[in-house]
Amino acid sequence: MGPYWYVSSTIGENINDGSEENPVADIETALQKAFGDGNDGNDRDDQTIVLMSGTHTGSSNRGIELSSYNNGINSYWDNSFTIEGATGNPDDVILDAENSDQHFRLSGGNERNITIKNITFKNGVSANWQSQNGWASGGGSIIFRGSQTKLKVINCIFEYNSVEQSTYHEGGGAVHISITNNGIDPPEFEDCVFRYNTATNYEYDQSNAFGGAVCAAPGLSLIHISEPTRPLYISYAVFCLK
């Protein structure tokens with residue numbers, strides 16, 4: 001099987017082989033099938049996870065650490081994979097985190113290319129109630145911190161994602177980016193729409209709420225921003241570039 005692995009929110013079953021005719025039910029299972037246990041001797045580069053039309057929910061479609069997947073052979077080489085909506089229209093493929101977690105995390109790992117395209121990311125959250133110490137990382141939908149990944153996000157919509165914090169957080173209602181290693185390229189966002197994302201600090205003044213849509217250090221490339229919202233108790237800046 002592969003290099004295409006299909007996920008369906010309606011007809012998917014995790015006992016299936018992941019073909020278009022017999023898709024699996026969630027992203028986590030598709031990634032596991034795509035990359036296996038790394039001991040089968042097969043080259044796992046250039047895999048594609050295809051999300052079929054519909055709204056994808058549940059714990060195996062959120063809180064996923066993408067940097068943990070490699071090809072099992074050349075795990076320090078440039079291993080690439082793609083997660084994409086099947087139709088090319090992000091309105092057709094919705095990844096709904098149900099206000100329970102972030103969608104994707106990227107931290108550490110090996111140098112690789114990851115492309116994400118044609119998906120709507122909705123209702124992702126990073127909140128103080130998720131941790132015992134009351135601290136929330138930035139990035140309600142995607143957090144990119146010290147990752148070796150060359151990340152490209154194309155033709156995606158980020159909406160109704162949030163960072164909720166009673167004290168200090170790192171900002172970025174939808175996306176937080178922190179580049180900690182010299183020579184690592186910042187993620188690229190091309191033809192993406194950010195709307196109705198919020199960074200909230202509800203216990204202190206709003207000087208600790210950064211980037212209603214994106215907070216990035218040291219910077220990134222963003223093309224096309226539309227309809228950012230700024231209700232009470234969120235950052236008044238769409239971007240925070242540190």
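Rules behind the numbers
Residues numbered from 1 in each chain as written. Predicted model: local features only at pLDDT ≥ 70, side-chain atom pairs only at ≥ 80, totals over all residues. Heavy atoms only, no water. Helix = DSSP H or I, 4+ residues; strand = E, 2+ residues; numbered from the N terminus. Buried < 20%, exposed > 50% of the residue type's maximum accessible area, 1.4 Å probe, protein only. Core = buried A, V, L, I, M, F, W, Y, C linked by side-chain atoms within 4.5 Å. Phe/Tyr/Trp six-rings, centres within 6.5 Å; stacked < 30°, edge-to-face > 60°. Pairing = 2+ DSSP bridges. Axes fitted to C-alpha atoms, helices over the stretch in contact; angles between N-to-C directions. pLDDT = per-residue confidence, 0-100. Contact = heavy atoms within 4.5 Å. Polar contact = N/O pair within 3.5 Å; in protein donor to acceptor, adjacent residues only side chain to side chain.

*Asks:* Just checking my understanding: could you explain the overall build of the protein chain for this structure?
*Replies:* Across its full length, the protein chain holds one helix and 21 strands. Counting across all 242 residues of the protein chain, residues that qualify as buried make up 52%.

*Asks:* Can you help me understand the nonpolar core in this one?
*Replies:* Soluble globular proteins tend to pack their nonpolar side chains together in the buried interior. Core analysis: the largest hydrophobic core is formed by 39 residues, its most contacted members being Leu66, Phe104, Ile116 and Phe158. Examining the composition of this core, we find that five residues originate from one element, helix H1 (residues 27–35), more than from any other.

*Asks:* Explanation requested: the packing of aromatic side chains in the structure shown.
*Replies:* Aromatic rings in a pair are described by how distant their centres are and how their planes are angled relative to each other. On inspection of all chains with the given rule, the structure shows seven aromatic pairs. Ring centres of Phe104 and Phe121 lie 5.8 Å apart, and the angle between their planes is 75°; this geometry places the pair in the edge-to-face category. Of the two residues, Phe104 sits in strand E7 (residues 104–107) while Phe121 sits in strand E9 (residues 120–122), which places them 17 residues apart along the sequence. Given the relative accessible area of 0%, Phe104 is considered buried. We classify Phe121 as buried; its relative accessible area is 0%. Centre to centre, the rings of Phe189 and Phe194 are 6.1 Å apart; their planes meet at 50°, and the pair counts as tilted. An aromatic cluster of three or more residues is present, and its members are Phe104, Phe121, Phe158, Phe189 and Phe194.

*Asks:* How should I be thinking about the sheet that holds E9 in this particular structure?
*Replies:* The strands that make up a sheet are held in pairs by hydrogen bonds between backbone atoms, and each pair lies either parallel or antiparallel. Taken together, five strands build an open sheet; the order of strands is E3-E6-E9-E13-E17 and the sheet is parallel. Each edge of the open sheet is held by one strand with a lone partner, namely strand E3 (54–56) and strand E17 (193–195). Pairwise comparison of adjacent strand axes, ignoring direction, gives a mean angle of 15° for this sheet. Examined bridge by bridge, strand E6 (residues 93–96) and E9 share three bridges and lie parallel to one another. Within the sheet, the bridge partner assigned to Ile94 lies in E9 and is Thr120.

*Asks:* Please clarify how the confidence of the model for the protein chain should be interpreted in this entry.
*Replies:* Interpretation of the predicted coordinates at a detailed level should be avoided for regions scoring low in pLDDT. With 69% of its residues at a pLDDT of 70 or more, the protein chain has an overall mean of 79. Across residues 73–77, where pLDDT falls below 50, the model places eight contacts with residues more than four positions away in sequence or in other chains. Note on residues 223–237: pLDDT under 50 across the span, and 45 contacts to partners over four residues away in sequence or across chains.

*Asks:* Got a minute to help me understand the side chain of His56 in this structure?
*Replies:* The residue His56 is located in strand E3 in this model. A relative accessible area of 0% places His56 in the buried class. A distance of 2.8 Å separates a polar side-chain atom of His56 from the backbone oxygen of Met52. If sequence neighbours within four positions are ignored, His56 has contacts with Val7, Ser8, Ser9, Leu51, Asn61, Val93, Ile94, Leu95 and Asp96.

*Asks:* How should unusual backbone geometry be read in this particular structure?
*Replies:* Peptide bonds are mostly trans, and most non-glycine residues show a negative phi. In this structure, Asn123 is a non-glycine residue whose phi angle is positive, near 60°. Along the polypeptide, Asn123 turns up in the loop between E9 and strand E10 (125–127). Positive phi, normally seen in glycine, also occurs at Asn155, with a value near 55°. Tracing the chain through its elements places Asn155 in the loop between strand E12 (149–154) and strand E13 (157–159). The partly exposed category is assigned to Asn155, whose relative accessible area is 24%.

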